[in-house]
Amino acid sequence: MTNVIDGNAVADGIRADLEDCVDTLGDAGVTPGLATVLVGDDPASETYVSMKQRDCEEIGMNGIHVELDGDAAPDELYDTIADLNDDSSVHGYLVQDPVPDQIDYREVIRRISPAKDVDGFHPENVGRLVAGDARFKPCTPHGVQKLLDAADVDPEGKDVTIVGRSRIVGKPLANLLVQKTDGGNATVTVCHSRTEDLADKTRRADIVVAAVGAPELVDGSMLSDDTTVIDVGVNRVDADTEKGYELVGDVEFDSAKEKASAITPVPGGVGPMTRAMLLYNTVKAASQQEDVDVSL
Ligand code: NDP
């Protein structure tokens with residue numbers, strides 16, 4: 001029987017633990033605060049930030065939302081960032097990507113205080129992650145680690161093939177999985193658009209993580225028996241539904257499930273974990289900045 005890993009249930013468990021941490025912080029007079037900054041009115045980004053705000057409220061954290069016009073000058077955003085860096089009620093924040101063309105996202109990331117960079121994208125935090133001394137693990141890779149743990153799949157000694165080498169998923173996940181710590185100690189292959197014979201790399205793996213953005217790229221024929229499959233991809237494809245589309249992953253679920261010992265669905269796999277790990281990082285940031293011990 002294939003274990004279909006329920007990301008919503010795992011995320012619920014993490015949120016419940018975080019609520020206890022929020023209570024502990026509350027006893028010390030601290031309410032963790034997460035700010036989201038949205039520049040422009042991209043509908044998908046609006047949905048993402050409103051979900052993040054709702055997540056905050058649900059576990060008793062402060063959600064602060066800042067919106068700037070789509071034609072805002074870079075300096076206007078930099079002023080907002082400086083204010084958030086100085087605001088002691090904001091323990092963590094993020095600027096929702098993508099930003100409009102006039103703004104250089106890399107410069108935005110560099111201006112965020114590393115101590116409040118709960119996405120874990122600031123160069124200092126990337127460096128610390130690579131050095132094995134992560135301040136904040138980036139949310140999606142951390143969520144993948146937690147899902148493996150929840151499914152009782154220990155990466156130690158396993159061959160892991162990650163398809164995708166992005167800054168936010170593939171590369172940080174590869175770094176986490178090779179660390180000499182619990183949840184790491186794997187042997188990792190990272191694939192990308194120039195990789196030759198992708199199926200050979202995925203067939204050799206005990207664990208396959210797909211983070212590409214290509215609907216159903218990885219199918220059952222590319223997997224060996226008893227592989228653990230984590231599907232990060234979220235792709236809209238035209239479908240005869242009320243909305244006119246449906247969400248599919250980077251993995252062809254039905255054929256992959258035939259081969260897999262464990263697999264995440266889309267939706268309901270990695271997505272809820274990414275949101276939960278953002279709350280986790282914010283609670284961690286509050287604990288660090290306010291010097292209140294919480295058991296994370
Ligand atoms: P990016 O577009 O930044 O990176 C995609 C990666 O896939 C690149 O490294 C690219 O290679 C590689 N790639 C593209 N085509 C192929 C191919 N045919 N074979 C092998 N590798 C290929 O994407 P992200 O990492 O940001 O996101 C990936 C997917 O995950 C998306 O669907 C996104 O929506 C989803 N996502 C989901 C999250 C969640 O919480 N569930 C969170 C973040 C992302 P190259 O580097 O050579 O271009």
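Only a predicted model underlies this, so the values are computations on that prediction, with no experimental measurement involved.

Caption draft 1: Broad picture of the overall build of the protein. Helix and strand content of the protein: ten helices and eleven strands. Taking 2.2 N^0.38 as the reference for a compact globule, 296 residues should give roughly 19 Å; the C-alpha atoms of the protein span a radius of gyration of 19 Å, in line with that estimate. Relative to its 296 residues, the protein shows a buried fraction of 44%. Residue pairs in contact within the protein that sit at least 24 positions apart in sequence constitute 69% of those at least 6 positions apart.

Caption draft 2: A look at the site of the ligand. Neighbouring the ligand are 26 residues; Gly 164, Ser 166, Ser 193, Gly 213 and Thr 274 lie closest to it. The greatest single-element share of the shell around the ligand, amounting to three residues, is contributed by helix α10 (residues 270–290). Taken together, the residues of the shell around the ligand break down into twelve nonpolar, twelve polar and two charged.

Caption draft 3: Broad picture of the sheet that holds strand β3 (residues 62–68). Spatial strand order, β3-β2-β4: three strands in an open sheet with parallel pairing. Strands with a single pairing partner mark the edges of an open sheet, and in this sheet they are β3 and β4 (92–95). Between one strand axis and the next, the sheet turns through 15° on average, direction left out of account. Pairing of strand β2 (residues 33–39) with β4, which is carried by four bridges, proceeds in the parallel orientation. Across the sheet, the residue bridging to Thr 36 is Leu 94, located in β4.

Caption draft 4: Fine view of helix α1 (residues 7–27). Relative to the 30 Å expected for 21 residues at 1.5 Å per residue, α1 spans 30 Å between its end C-alpha atoms, a close match to the ideal helical length. Of the residues making up α1, those classed as buried are Gly 7, Val 10, Ala 11, Ile 14, Leu 18, Cys 21, Val 22 and Leu 25. The buried residues of α1 occupy an angular sector of 120° when the element is viewed end-on, so they sit on one face. Pointing more than 90 degrees away from the buried face of α1 are the exposed residues Ala 9, Asp 12, Gly 13, Ala 16, Asp 23 and Asp 27. Count one or two residues on from α1 and you reach Gly 29, which has phi positive near 80°.

Caption draft 5: Geometry of the environment of Thr 2. Structurally, Thr 2 can be placed in the segment before β1 (3–4). Linking Thr 2 and Lys 259, residues 257 residues apart in sequence, is a C-alpha distance of 8.3 Å. In this structure Thr 2 touches Lys 257, Ala 260, Ser 261, Ala 262 and Ile 263, once residues within four positions along its chain are discounted.

Caption draft 6: A look at the sheet that holds strand β8 (residues 227–231). The sheet built from six strands is open, its strands ordered β1-β11-β8-β7-β5-β6 with parallel pairing. Of all the strands in the sheet, just β1 and β6 (187–191) have a single pairing partner and so form its edges. Pairing analysis gives four bridges linking strand β7 (residues 207–210) to β8, with the strands arranged parallel. In the sheet register, Val 209 faces β8, and the bridge partner there is Ile 230. Along the sheet, helix α7 (residues 170–178) makes contact with β5 (159–163), β6 and β7, crossing β6 at roughly 170°.

Caption draft 7: Representation of the pairing of strand β9 (residues 235–238) in the model. Relative to strand β10 (residues 245–248), β9 runs antiparallel, the two being bridged by four bridges. Along β10, the bridge assignment pairs Val 237 with Glu 246. Where β9 hands over to β10, the hairpin turn is made up of six residues, of which Gly 244 adopts a positive phi near 85°.

Caption draft 8: Molecular detail of the UniProt feature "binding site: NADP(+)" (unreviewed entry) in the protein. The UniProt record annotates "binding site: NADP(+)" (unreviewed entry) at Gly 164, Arg 165, Ser 166 and Val 234. Following the sequence through the fold, Arg 165 ends up in the loop between β5 and α7. Residue contacts for Arg 165: discarding those within four places in its chain leaves Gly 170, Lys 171, Val 190 and His 192. With respect to the element layout, Ser 166 can be found in the loop between β5 and α7.

Cut-off values and rules
- Just so you know, the residues in each chain are numbered from 1, in the order the chain's sequence is written.
- A pLDDT threshold of at least 70 governs which residues receive local features in this predicted model, and a stricter bar of 80 or more applies before side-chain atom pairs are shown or counted, although totals over entire chains, interfaces and linings include all residues.
- By definition, any uninterrupted DSSP run of H or I lasting at least four residues is a helix, any uninterrupted run of E lasting at least two residues is a strand, and each is numbered from the N terminus.
- Our radius of gyration is a C-alpha quantity, and the globule rule it is checked against amounts to 2.2 Å times the number of residues to the power 0.38.
- Each residue is classified by how many other C-beta atoms fall within 10 Å of its C-beta atom, where C-beta atoms are placed from the backbone; a count of 20 or more means buried, 12 or fewer means exposed, and values in between mean partly exposed.
- Once C-beta atoms have been placed from the backbone, residue pairs whose C-beta atoms lie within 7 Å are recorded as contacts.
- Near, as applied to residues and a molecule or strand, means the residue's backbone-placed C-beta atom lies within 6 Å of it.
- Ten residue types, Ala, Val, Leu, Ile, Met, Phe, Trp, Tyr, Cys and Pro, are classed as nonpolar, four, Asp, Glu, Lys and Arg, as charged, and the remainder, Gly among them, as polar.
- Between any two strands, at least two bridges found by DSSP are needed for them to pair.
- Where helices are involved, their axes are fitted lines through C-alpha atoms of the stretch in contact, as for all axes, and angles between N-to-C directions lie from 0 to 180°.
- Helix span, expected: 1.5 Å multiplied by one less than the number of residues in the helix.
- Directions are taken from the helix axis to each C-beta atom, and the arc is the one they span.
- UniProt positions are given in the numbering used here, feature names are shortened, and annotations may be inferred rather than shown by experiment.

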